[in-house]
Amino acid sequence: MTFLSLRRVAPCFALAGLLLAPAVQAADNAAYPNKAVKLALPFPPGGSADSIARTMAERLQAQLGQPFLIENRPGAGGNVATRYIAKAAPDGYNLLVGVTGGMTINPTLYGNLDYDPAKDLVAISMIAHAPVVIVANPEAGFGSLKQFIDRVRAEPNRYTYATNGVGTSHHLAAELFRQAAKLDMRNVPYKGTPEALQDIIGGRVPVGFMDLTASIPLIASGRLKALATTGTKRTPALPDVPTVAEAGVPGFAADTWVGLFAPAGTPAGILEKLSAEIKTALSGAELRARAQTQGLEIASSTPAELQKFVQEETAKWKRVIADAKIKIQ
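Definitions and limits used
- Residues numbered from 1 in each chain as written.
- Predicted model: local features only at pLDDT ≥ 70, side-chain atom pairs only at ≥ 80, totals over all residues.
- Heavy atoms only, no water.
- Buried < 20%, exposed > 50% of the residue type's maximum accessible area, 1.4 Å probe, protein only.
- Helix = DSSP H or I, 4+ residues; strand = E, 2+ residues; numbered from the N terminus.
- Arc of directions from axis to C-beta.
- Contact = heavy atoms within 4.5 Å.
- 1 Å grid on protein atoms, 1.4 Å probe; cavity = no way out; pocket = protein on both sides within 12 Å on 5 of 7 lines; lining within 4 Å.
- Points joined across faces, edges and corners; volume = space filled by probe spheres on them.
- Nonpolar A, V, L, I, M, F, W, Y, C, P; charged D, E, K, R; others polar.
- Polar contact = N/O pair within 3.5 Å; in protein donor to acceptor, adjacent residues only side chain to side chain.

**With respect to helix H6 (residues 145-154)**
Here comes step 1: Listed in full, the buried residues belonging to H6 are Leu-145, Phe-148, Ile-149 and Val-152. Around the axis of H6, the buried residues are gathered within 100 degrees of arc, so they sit on the same side. Along H6, the residues that are exposed and aim more than 90 degrees away from the buried face are Lys-146 and Ala-154.
Here comes step 2: Those residues of H6 that are buried lie in contact with strand S4 (121-136), helix H7 (169-181), strand S7 (207-211) and strand S8 (225-229).

So this is what it looks like as structure tokens:
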């Protein structure tokens, strides 16, 4: 074959390759997964996010015939796990159980991240969301959220509130509340939720913005009083407790949430397949009822819906952080 003939044939091979590529990719997506899938989670074992992620992983394993393994990678407010997956291969076998802080708060809060969740990660599906609960020591004398607001307005800079750390989703929910209600009160950050709850119960801090799952047993026993929850609607876990919007701050909403993400560049077919399988895995009435007892609302989504939600959340928390002048030392 002459050089001229080769030149004529070469474009044909190139065209054939272009036509074949989508078919090969479709076949790869159809075969996915053909080995274990790892899900990095930014918390230690035992919390509500860990619990729902493990339940989802078990169901995905049953549906897809391959292990779905939870890897707990706590640290730096969620940055350790988030960075790990942001730098991972985009092949669908390393995924992130992403949370409010790591995905939408930390990019603004930390100025030295060597990754950007908005660019380095892509959405797969929402998993669940939950409100923050505002709790008070029963002897603090706050019969309602309105009484607490009135008291803080009457005595500016006297009252403190507990959170599970500076820059956490619970702290940011508290700051959004403080800004919306125009209150002058100070955050007392703790190293974790258990310590904060104990100091509220002990009367060292009058109120706190706390994890709902951890607070439910203490509210049920009367050791804490629930003033309000921060979601858009009442939580089935505490049906008699009003939302912040119902209790005197119209339009207020601040949920914490859990979703599944993958490294940018992961094939769209894999994202769509996982999203559909997650919807099936989370669809059972018994699972939803069990999650509600922990204060969680199951909520799957399409990749596009979660991506849009993350963009909106990032913009919201960026404004709150700027207005509150919050910095990580």
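**Considering empty space enclosed by the protein**
Here comes step 1: Applying the stated criterion across every chain, the model contains two cavities of 30 Å³ or more.
Here comes step 2: His-129, Pro-131, Gly-231, Thr-232, Lys-233, Arg-234, Thr-235, Pro-236, Asp-255 and Glu-297 together form the lining of the largest cavity.
Here comes step 3: Volume-wise, the second largest cavity comes out at about 40 Å³.
Here comes step 4: Classifying every residue of the lining of the second largest cavity gives three nonpolar, three polar and one charged.

**Observations concerning the side chain of Thr-266**
Here comes step 1: Note that Thr-266 resides in the loop between strand S9 (255-263) and helix H10 (268-281).
Here comes step 2: From its side chain, Thr-266 meets the backbone oxygen of Pro-263 in a polar contact 2.7 Å long.
Here comes step 3: If sequence neighbours within four positions are ignored, Thr-266 has contacts with Pro-90, Asp-91, Gly-92 and Leu-271.

**Quick notes on unusual backbone geometry**
Here comes step 1: Cis geometry marks the peptide bond from Tyr-32 to Pro-33, where omega comes out at -5 degrees.
Here comes step 2: With respect to the helices and strands, Pro-33 occurs in the loop between helix H1 (3-31) and strand S1 (37-41).
Here comes step 3: With phi around 55 degrees, Ala-76 is a residue other than glycine that occupies positive phi space.
Here comes step 4: Mapped onto the fold, Ala-76 is located in the loop between strand S2 (68-72) and helix H3 (79-86).
Here comes step 5: Phi angles above zero are rare outside glycine, and Lys-325 is one such case at about 55 degrees.
Here comes step 6: Along the chain, the position of Lys-325 falls in the segment after helix H12 (303-324).
Here comes step 7: Taking relative accessible area as the criterion, Lys-325 reaches 68% and is therefore assigned exposed.

**Points about the layout of surface pockets**
Here comes step 1: In this structure, the largest pocket spans a volume of roughly 1000 Å³.
Here comes step 2: Forming the walls of the largest pocket are 45 residues, and the residues nearest its centre are Phe-43, Asn-164, His-170, Thr-193 and Asp-211.
Here comes step 3: For the lining of the largest pocket, the elements supplying multiple residues, two or more each, are helix H2 (48-64), helix H4 (100-109), S4, H7, helix H8 (193-201), helix H9 (212-220) and S9.
Here comes step 4: When residues in the lining of the largest pocket are grouped by element, the largest group, five residues, is from H4.
Here comes step 5: Split by residue class, the lining of the largest pocket holds 21 nonpolar, 21 polar and three charged.

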